[in-house]
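Letter by letter, the chains look like this.
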Amino acid sequence: MAAWMGCAAVPAQAQDFDLTDMVPARPGQAVEPQGDVVVEDGIVIAADEATAVSVAHQQLIDNTQDGVMTIAVGSGVGLLSTGSASYQTYDNINATLLSKRAAYNQAFLAAKKGLVEYQKGAEVVCSNLVSMQMDYIDSGTDSMGNTSTSSKEGCADSVAGSLAGYVTYDVFDDTDKKSVRISVISTPKTREQIQANTGAVNVVSDPNEVFKQVVSDIQKGVMPPLGAKVLTNANTGEVVLMGFGSAIIRQNNNARIASRLADAAMRQSQTRARAALLGTMQGEEIYWRGSFDESQVESTEQFEYEDPVLQDPSEVEKLDQERTVFLNQFKETQDYGSLTKGQLPPGVGLRSFVSEDGYWQYTVAVYAPSLSAAAKDAARDQKARGKDARDARGGVNNKGANPRGASGKVSKEDDL
């Protein structure tokens, strides 16, 4: 550990670590190191922060199992956690998409659980019992014996803790294996950026410029179905937080029903985006409990009682052939849970997108201190004008003038 602490100082001079520049790894790919890379006891240290994260991510993928890696980055020590889950395909496309989104959710919870477990530890309770029996009978003419061994083991471990300041690093849908993987990362810089966003406003950004950069950033990379991301406004240096939400747009042959399903998907994705933003800003409670029970019986019988209830040794029948029995039963359960609750600050903007194939509804909830300040100013102005407002009662006229409002496409799909 002392050796690692010494090596960890290598990248400390670089303070421009930015997840936006990360290039996620893929199964079977190789990472091209920029400089020396040291991997020791699950810790990746490199002079180049992007390489450190890429190497850690590639190792987690190559192990084909969920896990956590520690990375020495410019802002300190970070944690990268991956979670995975499988889904099924069906004749009904709605069922396939719902199965896939459920897998994304499970993988996301598993990745977050990994971060909490690494930082907080797990509580473990185990019981183990082995019972051995032997029944041996000698008569004047014969010797017979029955033996049996039974075992019962039960274990339960749980993880609970608050998690904040993490962002989504990578999402991957392996359509051949029908599995999804999500990677989340937490570094001192991501946590500091998010915490700083709840403080005073030091910069004022043009809201349109903020959203232009958000859309541009999404178009350059991947719109994740859930999670959060941090980016820095290129013009002002202001930190912008994004929460992602998604929903399946259920397909239906009835146009009216299909329209209502699309509206429902929009609301679902918006709520999930707000929850994701709140979770990474203020924290969310993560819970996990896993348990297993295993029982086993192994026996050898050379005789059996004619009356099993009385078990009279003089009333037994010797078996013509020795009888052996082996039986093992294994049961496992896993429960994942998260709880997000709180008040989002004013000025959170929502931008929604439909996937190119029309099956997914995405929403990104955007928060920047300058947007929040602008919303507060607008609320104060509205309150001040309200004091001098005229009587708002009455005036309903069903036959009043009703000129047609703006109708039609506002933005091209290519601009989104």
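Quick look at the structure, then. (Residues numbered from 1 in each chain as written. Predicted model: local features only at pLDDT ≥ 70, side-chain atom pairs only at ≥ 80, totals over all residues. Heavy atoms only, no water.)

1. Observations regarding the overall build of the protein chain
Of the regular secondary structure elements, the protein chain holds seven helices and 14 strands. Residues classed as buried in the protein chain amount to 36% of the 416 residues present. Taking contacts inside the protein chain between residues at least 6 apart in sequence as the whole, the part at least 24 apart equals 71%. (Helix = DSSP H or I, 4+ residues; strand = E, 2+ residues; numbered from the N terminus. Buried < 20%, exposed > 50% of the residue type's maximum accessible area, 1.4 Å probe, protein only. Contact = heavy atoms within 4.5 Å.)

2. Section: the nonpolar core
Of all hydrophobic cores here, the largest spans 33 residues; its most connected members are Y104, I182, V184 and V364. Put simply, the parts of the chain that give this core at least two residues each are β4 (76-86), α3 (93-120), β6 (143-163), β8 (179-186), β10 (239-248), β11 (284-305) and β14 (360-367). Ranked by residue count, the leading element in this core is α3, at eight residues. Counting residues in each nonpolar core, the second largest holds 24 residues, with V44, A52, V53 and I194 among its members. (Core = buried A, V, L, I, M, F, W, Y, C linked by side-chain atoms within 4.5 Å.)

3. Describing the sheet that holds strand β13 (residues 349-354)
An order of β9-β10-β14-β13 is seen for the four strands of this open sheet, with the pairing classed as antiparallel. In the strand order of this sheet, the two ends are held by β9 (227-232) and β13, each with one partner. Geometrically, the sheet is characterised by an average inter-axis angle of 25 degrees between neighbouring strands, direction not taken into account. With eight bridges connecting them, β10 and β14 associate as antiparallel partners. (Pairing = 2+ DSSP bridges. Axes fitted to C-alpha atoms, helices over the stretch in contact; angles between N-to-C directions.)

4. Details of a nonpolar patch on the surface
On the surface, V297, V325 and L327 cluster together into a nonpolar patch covering about 250 Å² of accessible area. Exposure remark for V325: the relative accessible area of 38% places this residue in the partly exposed category. (Patch = residues over 30% accessible without salt bridge, like charges linked within 9 Å, V, L, I, M, F, W, Y side chains within 5 Å. Areas by Shrake-Rupley, 256 points an atom, 1.4 Å probe, with all protein chains shown as cover. Salt bridge = Lys/Arg side-chain N within 4 Å of Asp/Glu carboxyl O.)

5. Brief notes about the environment of M266
Position of M266 among the secondary structure elements: in helix α6 (residues 255-282). The exposure class of M266 is partly exposed, given its relative accessible area of 28%. On a C-alpha basis, the gap between M266 and S246 in space is 8.2 Å, while along the polypeptide they are 20 residues apart. The contacts of M266, once residues within four sequence positions are left out, are S352, Q361 and T363.

6. A few points about α3
Side chains of residues three or four places apart in an α-helix project in the same direction, reflecting 3.6 residues per turn. Under the 1.5 Å per step criterion, the end-to-end length of α3 is 40 Å for 28 residues, consistent within 8% with the ideal 40 Å. Taking the backbone nitrogen of N94 as reference, a side-chain oxygen 3.0 Å away marks N92 as the first, capping residue of α3. Looking one or two residues beyond α3, the residue adopting positive phi is G121, at roughly 90 degrees. (Expected span 1.5 Å × (residues − 1). Polar contact = N/O pair within 3.5 Å; in protein donor to acceptor, adjacent residues only side chain to side chain.)

7. Side note on the side chain of D174
Looking at the secondary structure, you find D174 in strand β7 (residues 167-174). Buried charge without a partner: D174 forms no salt bridge, and the closest opposite charge is K177, 4.6 Å away. At 3.2 Å, the side chain of D174 and the backbone nitrogen of D176 are in polar contact. A polar atom in the side chain of D174 sits 3.2 Å from the backbone nitrogen of K177. Setting aside residues up to four positions removed in sequence, D174 forms contacts with Y87 and S179. (Lys, Arg positive; Asp, Glu negative; His and termini not counted.)

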